[in-house]
Amino acid sequence: MGDVAYINGTFCELSQARVSVEDRGFQFADSVYEGITTYRREPFLLTEHLRRLRNSARAIHLPIPLSDERITELVREGVRRSGYDEVHIYMQLTRGAASRSHPFPAGAEPTVVMTFKAAIRVPADVRAQGVSVMSRPDNRWGSCNVKSVMLLPNVLAKQEALDRGAYDALFVGPDQVVYEASSSNVFLVRAGEVWTPQRSDKILPGITCDYIVESLPRLGILGGGRLVYLDDLLAADEVFLAGTTTETLGVVSIDGKMIGDGQVGPVTRRLYEELFASLTR
Ligand code: PMP
């Protein structure tokens, strides 16, 4: 009971889990990952996360040594072993440990790591009040649609935002096109419609983002993916972030400019109520 890890066939306490210093995940970020949360101890949108993991792995030519069925069993076992009410599941696959050299190593076994920790939700008061973000030039690598561990630009952007008193950073292209935040997708609400930047290699195809977009028709809301400029966000009635950990989180200011009336808007609140709060009740 407590934080649990799975490494290449074995479960152990997270504090005991070790990988080699020659692991290519550590040395080259030669690795892909997923982050998954549970609701009522059930991994949420697991099939979709596993599909994206396969797409990411295929994009970097990394074979996954386990079937989806086996991974699902291991995920359930990790959740059970952790004993937590709600669990954050982190899954990372690397090209394995091998003598350091750039080419793919011959014969190295992929490293499969999963960790199971208590899920931490955004505090209710933060969700009620909303957060501020800052925009910044996007200097990340060119294949942000691959969920790779090449996250240094994301790490630096998040820290810069925190240092400047914002909650997060939004990556914006040279043409003022908005992509996403450091670890979530972004949406705008305008005249009751809900839009998110259209898919490209500058955006991670968010599982939560898809879940929201696919839920819109059922909720009687128009929207989907389209080209979004920073000015569109600034002129929007509401802006919100979306992700596995973030769920939906209202943005009340960008670069110090107030969004809408500076409060978390009704559509953002409704989407949280209908798509996330209902999962925990
Ligand atoms: N964009 C980035 C850069 C992310 O790291 C994440 C979080 N994994 C997301 C978007 C949201 O994706 P998801 O809904 O699958 O968590």
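Each value, and the rule that gives it
Residues numbered from 1 in each chain as written. Predicted model: local features only at pLDDT ≥ 70, side-chain atom pairs only at ≥ 80, totals over all residues. Heavy atoms only, no water. Helix = DSSP H or I, 4+ residues; strand = E, 2+ residues; numbered from the N terminus. Rg over C-alpha atoms; globule rule 2.2 N^0.38 Å. Buried < 20%, exposed > 50% of the residue type's maximum accessible area, 1.4 Å probe, protein only. Areas by Shrake-Rupley, 256 points an atom, 1.4 Å probe, with all protein chains shown as cover. Lys, Arg positive; Asp, Glu negative; His and termini not counted. Charge placed at Lys NZ, Arg CZ, Asp CG, Glu CD. Phe/Tyr/Trp six-rings, centres within 6.5 Å; stacked < 30°, edge-to-face > 60°. Lys NZ or Arg CZ within 6 Å of the ring centre and 35° of its normal. Near = heavy atom within 4 Å. Polar contact = N/O pair within 3.5 Å; in protein donor to acceptor, adjacent residues only side chain to side chain. 1 Å grid on protein atoms, 1.4 Å probe; cavity = no way out; pocket = protein on both sides within 12 Å on 5 of 7 lines; lining within 4 Å. Sits in = over half its atoms within 2 Å of the grid points. Nonpolar A, V, L, I, M, F, W, Y, C, P; charged D, E, K, R; others polar. Domains from an automatic or database assignment. Points joined across faces, edges and corners; volume = space filled by probe spheres on them. Patch = residues over 30% accessible without salt bridge, like charges linked within 9 Å, V, L, I, M, F, W, Y side chains within 5 Å. Salt bridge = Lys/Arg side-chain N within 4 Å of Asp/Glu carboxyl O. Axes fitted to C-alpha atoms, helices over the stretch in contact; angles between N-to-C directions. Parallel < 35°, antiparallel > 145°, perpendicular 65-115°, else oblique. Left-handed = near helix turned anticlockwise from the far one by under 90°. Contact = heavy atoms within 4.5 Å. Pairing = 2+ DSSP bridges.

Colleague: Any chance you could explain the overall build of the chain here in plain terms?
Modeller: Scanning the chain from terminus to terminus reveals 8 helices and 15 strands. On C-alpha atoms alone, the chain measures out to a radius of gyration of 19 Å, which is about the 19 Å that the 2.2 N^0.38 rule sets for 281 residues. By its C-alpha atoms, the chain is 55 × 45 × 35 Å across when sized along the principal axes. In the chain, which comprises 281 residues, the share counted as buried stands at 52%. Accessible surface for the chain amounts to roughly 13300 Å². Of this, 53% is attributable to carbon and sulfur atoms. Here the chain contributes 31 positive and 35 negative side-chain charges, whose respective centroids are spaced 2 Å apart.

Colleague: Please explain the environment of R269 as it appears in this structure.
Modeller: If you trace the backbone, R269 turns up in helix α8 (residues 266-280). In this structure, the C-alpha to C-alpha distance between R269 and R127, residues 142 residues apart in sequence, is 8.8 Å.

Colleague: What should I look at first to understand the packing of aromatic side chains in this one?
Modeller: Pairs of aromatic rings are described using the distance from one ring centre to the other and the angle between the two planes. All told, the structure shown has 8 aromatic pairs when counted by the stated rule. Here the aromatic rings of F11 and F116 are separated by 6.3 Å at their centres, their planes lie at 40°, and the arrangement is tilted. Here F11 is found in strand β2 (residues 10-13), whereas its partner F116 is found in strand β6 (residues 111-118), with 105 residues between them in sequence. Overall, F116 belongs to the buried group, its relative accessible area being 0%. An aromatic cluster of at least three residues, connected via ring pairs, comprises Y39, F44, Y211, Y272 and F276. Lying across the ring of F104, R95 places its NZ or CZ 3.5 Å from the centre.

Colleague: What is the right way to read the site of the ligand from this model?
Modeller: For the ligand, the set of nearby residues contains 17 residues, the closest of which are R52, K147, E180, T208 and T244. A distance of 2.6 Å separates an oxygen atom of the ligand from a polar side-chain atom of T244. Out of a free accessible area of 390 Å², the ligand has 92% covered by protein chains. With respect to the pocket detection grid, the ligand is positioned in the largest pocket. Elements represented by at least two residues in the shell around the ligand include exactly α2 (46-59), β9 (178-181) and α6 (207-215). Looking at the shell around the ligand, its residues break down into 4 nonpolar, 10 polar and 3 charged. For the shell around the ligand, the domains that each give at least three residues are domain 1 (4-118) and domain 2 (124-280).

Colleague: Mind showing me how you'd approach empty space enclosed by the protein here?
Modeller: By rolling a water-sized probe across the atoms, one finds the places where empty space is left. The final tally for this structure, using the stated rule, is 2 cavities of 30 Å³ or more. Secondary structure elements with two or more residues in the lining of the largest cavity: β3 (31-39) and α6. Among the elements that line the lining of the largest cavity, the one with the most residues is β3, at 3 residues. Of the residues contributing to the lining of the largest cavity, the split by class is 6 nonpolar, 5 polar and no charged. Built from parts of two domains, the lining of the largest cavity gets at least three residues from each of domain 1 (4-118) and domain 2 (124-280). A volume near 30 Å³ is recorded for the second largest cavity.

Colleague: Sorry if this is basic, but what is going on with a nonpolar patch on the surface here?
Modeller: Residues L152, V155 and L156 make up a contiguous nonpolar surface patch of roughly 300 Å² in combined accessible area. Mapped onto the elements, L156 comes out in helix α5 (residues 152-163).

Colleague: Explain the packing of α6 against α8 to me, please; I cannot follow it from the model alone.
Modeller: Two packed helices can be described by the angle between their axes and the distance between those axes. Put simply, α6 and α8 touch, their axes get as near as 11 Å, and they point 120° apart. Between α6 and α8, the crossing angle belongs to the class labelled oblique. Every pair of crossing elements has a handedness; the one defined by α6 and α8 is right-handed. Contacts between α6 and α8 involve T208, Y211, I212 and S215 from the former and L271, L275, F276 and L279 from the latter.

Colleague: Which parts of the structure should I look at to understand the pattern of salt bridges?
Modeller: Side chains that differ in charge, positive against negative, can pair when their charged atoms come close. The final tally for this structure, using the stated rule, is 17 salt bridges. Here K202 ties to D138 by a salt bridge, and the two come within 4.0 Å at their closest N and O atoms. Here D138 lies in the loop between β7 (131-137) and α5 and K202 lies in the loop between β11 (193-197) and α6, a separation of 64 residues in the sequence. A single burial state applies to K202 and to D138, both of which are buried. The residue E160 makes a salt bridge to R164 at a minimum N-O spacing of 2.9 Å.

Colleague: Where do I start with the sheet that holds β3 in this structure?
Modeller: Pairing between the strands of a sheet is mediated by backbone hydrogen bonds and can be parallel or antiparallel. Pairing is antiparallel across the open sheet formed by 6 strands, whose spatial order is β2-β1-β6-β5-β3-β4. The open sheet has two edge strands with one neighbour each: β2 and β4 (42-43). This element, α2, spans β3, β4 and β5 (87-94) of the sheet and lies at about 175° to β3.

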